[in-house]
Amino acid sequence: MANDLTLTGKPALVGIIMGSSSDWETLEHAAKTLEELGVPHETRVVSAHRTPDLLFEYASSAEKRGIEVIIAGAGGAAHLPGMTASQTALPVLGVPVESKALKGLDSLLSIAQMPGGVPVGTLAIGKAGAINAALLAAAILGAKHPEIREAYRKFRAAQTARVLANPDPKAAARALGLSVATQSEKTTSSKNKKRKRA
Ligand code: RP5
């Protein structure tokens, strides 16, 4: 398996794999976050159950191809992260995709409950987990790549500054166009409704 050159023209350092193209709406948040940090990465659908040979090939060749961290997202009986970890010494970060039947609890437990000896770093279910997998990948890569450590540090500092610049949740919600009613506004509105009904 040849190493793709990414959009930045550099070989991928992070491999984002997922069990199905239906997982992309979750894993795209990992890709977007890595893009924001300038981390070269590749994305692939690799299914533990539907394409097991491809999974073995991908995981066992990743290190030789220059990949340094793998983010693996899957839903339901989510064996992809664990089976990937079984075939490589690279750090594997698992993202539980929210399943329809069990809201991702099945995915979370399938990924987190690895037997001792084969670790998978398990993140939160869904979008938050995908974003954090990318940030954790950047933190891991930062030990070797100072420019990634710096990009990650800046991302965190900018996030802190945004929160501190918007201390009033009402103003922040209004700026986002969300409607926020205070408790007294809610009480007045419910009294008015009752009066109208009476
Ligand atoms: C898993 O099954 C995938 O990771 C996906 O989350 C889930 C459903 O896959 P599709 O039926 O949408 O392809 O293997």
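Since the structure is predicted, the reported quantities are computational estimates derived from the model, not experimental observations. (Residues numbered from 1 in each chain as written. Predicted model: local features only at pLDDT ≥ 70, side-chain atom pairs only at ≥ 80, totals over all residues. Heavy atoms only, no water.)

### Here's the deal with the overall build of the protein chain
Check the secondary structure of the protein chain and you find 8 helices and 5 strands. Reading the protein chain from its N end, one meets helices and strands in the order β-α-β-α-β-α-β-α-β-α-α-α-α. The 198 residues of the protein chain split such that 39% are buried. The contacts in the protein chain between residues at least 6 apart in sequence include a share of 64% that link residues at least 24 apart. For the protein chain, the exposed surface amounts to about 11300 Å²; the carbon and sulfur share of it is 58%. (Helix = DSSP H or I, 4+ residues; strand = E, 2+ residues; numbered from the N terminus. Buried < 20%, exposed > 50% of the residue type's maximum accessible area, 1.4 Å probe, protein only. Contact = heavy atoms within 4.5 Å. Areas by Shrake-Rupley, 256 points an atom, 1.4 Å probe, with all protein chains shown as cover.)

### Observations concerning the site of the ligand
Around the ligand, the structure places Gly 19, Ser 20, Ser 22, Asp 23, Arg 50, Ala 74 and Gly 75. Between an oxygen atom of the ligand and a side-chain N or O atom of Ser 22, the distance comes to 2.6 Å. Between an oxygen atom of the ligand and a main-chain N or O atom of Gly 75, the distance comes to 3.0 Å. When the free accessible area of the ligand is taken as 370 Å², the share hidden by the protein chains comes to 65%. Its residues placed into classes, the shell around the ligand shows 1 nonpolar, 4 polar and 2 charged. (Near = heavy atom within 4 Å. Polar contact = N/O pair within 3.5 Å; in protein donor to acceptor, adjacent residues only side chain to side chain. Nonpolar A, V, L, I, M, F, W, Y, C, P; charged D, E, K, R; others polar.)

### Some remarks on the nonpolar core
Among the nonpolar cores identified, the biggest contains 26 residues, and Val 14, Ile 16, Leu 27 and Ile 71 are the most heavily contacted of them. Secondary structure elements with two or more residues in this core: strand E1 (14-18), helix H1 (24-37), strand E3 (69-75), strand E4 (92-97), helix H5 (127-142) and helix H6 (146-165). It is H5 that contributes the most residues to this core, 7 residues altogether. If sequence neighbours within four positions are ignored, Leu 27 has contacts with Ile 16, Met 18, Ile 71, Gly 73, Val 95, Val 97 and Ala 130. (Core = buried A, V, L, I, M, F, W, Y, C linked by side-chain atoms within 4.5 Å.)

### Side note on the sheet that holds E3
Two modes of strand pairing occur in sheets, parallel and antiparallel, and in both the strands are linked by backbone hydrogen bonds. Taken in spatial order, the 5 strands of this open sheet run E2-E1-E3-E4-E5, and their pairing is parallel. Of all strands in the sheet, those bounded by a partner on one side alone are strand E2 (41-45) and strand E5 (121-122). Pairing geometry for E1 and E2, over 5 bridges, is parallel. Looking at E2, one finds that Ile 16 is bridged to Thr 43. (Pairing = 2+ DSSP bridges.)

### A short note on the pairing of E4
Extensive coverage of E4 is indicated by the burial of 6 of its 6 residues. Taking every second residue as pointing to the same face, both faces of E4 are buried, with Val 92, Gly 94 and Pro 96 on one and Leu 93, Val 95 and Val 97 on the other. Direction of pairing for E3 relative to E4: parallel, over a ladder of 6 bridges. Note that in E4 the partner of Ala 72 across the bridge is Gly 94. One crossover worth recording links E3 to the parallel E4 by way of helix H3 (residues 80-86), and it is right-handed. Handedness of the crossover joining E4 and E5 through helix H4 (residues 105-112): right-handed. (Right-handed = clockwise from strand over helix to strand, strands pointing away.)

### A closer look at the packing of H1 against H5
Helices that pack against each other are described as a pair by the angle of their axes relative to one another and the distance between those axes. Running from N to C, H1 and H5 point in directions that differ by 35 degrees, and their axes come no closer than 7 Å. With respect to the hand of their crossing, H1 and H5 are arranged in right-handed fashion. Packed against H1, whose contacting residues are Thr 26, Leu 27, His 29, Ala 30, Thr 33, Leu 34 and Leu 37, the element H5 presents Lys 127, Ala 130, Ile 131, Ala 134, Leu 135 and Ala 138 at the interface. When grouped by side-chain class, the residues that make up the contact of H1 with H5 number 9 nonpolar, 3 polar and 1 charged. (Axes fitted to C-alpha atoms, helices over the stretch in contact; angles between N-to-C directions. Left-handed = near helix turned anticlockwise from the far one by under 90°.)

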